[in-house]
Structure formats: structure tokens, C-alpha cells
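A closer look at the structure
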Amino acid sequence: MQFFLDTANVESIKKFVSWGVVDGVTTNPSLIAKEGVSLEKRIKEIAEVVDGPISSEVIATDAEGMIKEGREYVKWHKNVYVKLPMTPAGLEACKVLTSEGIKTNVTLVFSSSQALLAAKAGATLISPFVGRLDDISEDGMALIAEIVEIFKNFDIQTKVLAASIRHPRHVIDAARLGADIATMPPEILEKMVKHPLTDKGIAAFLADWEKVKSLQ
Ligand code: G3P
């Protein structure tokens with residue numbers, strides 16, 4: 001399973017890249033706004049840090065505008081994936097950009113029917129939002145299960161990227177279900193590394209070592 005970071009914060013990306021656990025990065029307009037930077041500048045900075053797909057989301061809401069932005073984004077770096085919303089215009093843009101060999105990530109997917117349509121339009125990745133479904137008392141992980149099953153049935157090549165991940169359990173559940181990728185905020189990766197028994201074990205080893213340190 002691949003791990004993407006769902007952030008536009010370069011320092012944080014650098015930190016987890018140094019752990020060797022980052023396969024790519026996803027951004028969205030809210031994450032860029034949080035950083036208060038230009039999209040182009042930030043995507044280029046991220047590309048210097050990560051050697052993997054970097055999703056850059058379109059702002060236009062019409063197909064023509066999305067296609068124009070997408071063509072521009074991919075000039076910034078070879079690893080840029082154009083993130084398109086799951087709308088009729090997004091599907092149209094997906095079809096055109098895919099036919100030009102441009103990689104896409106269809107986002108804001110909340111149903112299997114949307115996932116199937118995005119795959120048919122040629123999406124490289126689709127992003128079902130797990131946490132936001134859970135937020136409204138639906139079952140985000142059930143959606144991942146359904147999409148993975150359908151894509152397997154028809155050998156669909158579009159990759160399932162579990163997005164809107166809220167805690168480590170989401171990552172594990174998505175992995176068990178066979179999602180290709182999980183994109184997560186840095187805090188989740190931070191939580192994934194932690195275990196109280198690991199900390200306790202290190203403390204015990206160091207305390208015991210103190211007793212024989214002078215003999216070394
Ligand atoms: O980048 C898309 C997605 O991961 C956003 O997550 O937490 O805003 O629902 P969230």
C-alpha cells in the first residue's frame with residue numbers, strides 16, 4: 001500500500017520523507033490556503049522534496065477551465081497529477097486530459113457509482129472521502145470495500161486512494177480492504193509510529209544498560 005501525505009506543508013513533508021514512508025502528496029485548495037502560498041510555487045517546492053505523484057487541484061468549475069488549468073499544472077513538474085472534482089465537468093476534463101497522457105485524481109468521491117464513472121472517464125486515481133462520510137453517520141470504509149470489489153471484478157486499473165483519513169485505524173482498515181493508497185495528514189503518520197509498549201521497552205532497555213555501562 002502506498003502512503004501519501006495530505007498536506008501542503010513542506011517542512012512536514014521533509015520530515016516524513018526522511019523516515020522513508022512517503023510515496024506521494026495530495027493537496028487541495030483548503031490545504032494551500034492554510035499555507036498562504038501560491039499553488040505553483042508550493043507544488044514546485046513539494047516536487048523537490050518528494051519523488052512521487054503530487055495532486056494539484058483545479059479551481060475552475062467548467063470543463064474548459066479545468067482542462068486549461070490541468071495542462072498548465074503538468075508543465076510545473078512531471079509528477080503532477082491533476083485533481084478534478086467528481087462533477088460532469090470534472091469527468092469531461094478527465095476524459096480529455098487522460099487522452100493527452102495526463103495523470104488525474106478524481107476527488108470528492110462519495111459513492112461507488114461516482115467511482116465507476118470516474119474510472120470509465122479514465123481517472124488514474126479516485127479519492128473516496130472516508131472521514132467525511134463517517135462525519136454524517138455513513139460508513140466511509142464500506143464505500144472503500146465496495147469500490148475495491150467492483151474494480152477487482154472488472155480488472156479496472158484506476159487506483160483507489162482512501163482520502164479524508166482521520167485516524168490510524170482508517171489506514172489499517174483501508175489496507176485490509178485493498179485500497180491502493182491512503183492519503184493522510186501528518187498527524188496521522190505521527191500517531192501510527194507510536195506505541196506505549198515501544199516507549200516502555202526502550203526505557204527498560206536503557207535502564208538495564210545503565211547498570212552495566214561501566215563494564216563496556
Ligand atoms: O484532500 C482530500 C481529503 O483528504 C480531505 O480530508 O479531512 O478535509 O475531510 P478532510
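As shown above, the structure is provided for reference.
Conventions and cut-offs
- Residues numbered from 1 in each chain as written.
- Predicted model: local features only at pLDDT ≥ 70, side-chain atom pairs only at ≥ 80, totals over all residues.
- Heavy atoms only, no water.
- Salt bridge = Lys/Arg side-chain N within 4 Å of Asp/Glu carboxyl O.
- Helix = DSSP H or I, 4+ residues; strand = E, 2+ residues; numbered from the N terminus.
- Buried < 20%, exposed > 50% of the residue type's maximum accessible area, 1.4 Å probe, protein only.
- Arc of directions from axis to C-beta.
- Near = heavy atom within 4 Å.
- Polar contact = N/O pair within 3.5 Å; in protein donor to acceptor, adjacent residues only side chain to side chain.
- Areas by Shrake-Rupley, 256 points an atom, 1.4 Å probe, with all protein chains shown as cover.
- Nonpolar A, V, L, I, M, F, W, Y, C, P; charged D, E, K, R; others polar.
- Phe/Tyr/Trp six-rings, centres within 6.5 Å; stacked < 30°, edge-to-face > 60°.

1. Things to note about the pattern of salt bridges
Taken as a whole, this structure holds 14 salt bridges when the rule is applied. For the salt bridge of Lys 15 with Glu 190, the shortest nitrogen-to-oxygen distance reads 2.7 Å. With Lys 15 in helix α1 (residues 10-18) and Glu 190 in helix α10 (residues 186-193), this residue pair connects regions lying 175 residues apart in the sequence. Its relative accessible area of 33% is what places Glu 190 among the partly exposed residues. Close ionic contact of Glu 40 with Lys 44 constitutes a salt bridge, the shortest N to O distance being 2.7 Å. Here Lys 44 and Glu 40 lie together in helix α3 (residues 39-49), a separation of four residues that amounts to about one turn. According to the relative accessible area criterion, Glu 40 is partly exposed, its value standing at 33%. Residues participating in the shared-partner salt-bridge network are Glu 35, Lys 41, Arg 42 and Glu 45.

2. Some thoughts on helix α6 (residues 112-120)
Looking only at α6, the buried set comprises Ser 112, Ala 115, Ala 118 and Ala 119. Along α6, the residues classed as buried sweep out an arc of 120° about the axis, all on the same side. Positive phi shows up at Gly 122, right after α6, with a value of about 100°.

3. As for the site of the ligand
Taken together, Asp 6, Asn 28, Lys 83, Phe 129, Arg 132, Ala 163, Ser 164 and Arg 166 are the residues near the ligand. A distance of 2.6 Å is found between an oxygen atom of the ligand and a side-chain nitrogen or oxygen belonging to Asp 6. Protein chains shield 82% of the accessible area of the ligand, which is 310 Å² for the free molecule. Counted by class, the shell around the ligand contains two nonpolar, two polar and four charged residues.

4. Points about the packing of aromatic side chains
The geometry of an aromatic ring pair is captured by two quantities: the separation of the ring centres and the angle between the planes. If you walk through the whole model with that rule in mind, you get three aromatic pairs. For the pair Tyr 73 and Trp 76, a centre-to-centre distance of 4.8 Å together with 35° between the ring planes defines the contact as tilted. Placement of both Tyr 73 and Trp 76 in helix α4 (residues 63-76) is noted, with a separation of three residues, approximately one turn of the helix. On the numbers, 5.5 Å between centres and 65° between planes, the contact of Phe 110 with Phe 129 is edge-to-face. A residue pair is termed long-range when its members are at least 10 positions apart, and Phe 110 in the loop between β5 (104-109) and α6 and Phe 129 in the loop between β6 (125-128) and α7 (130-135) qualify at 19 residues. Since its relative accessible area comes to 31%, Phe 110 is described here as partly exposed. When its relative accessible area of 8% is taken as the criterion, Phe 129 is described as buried.

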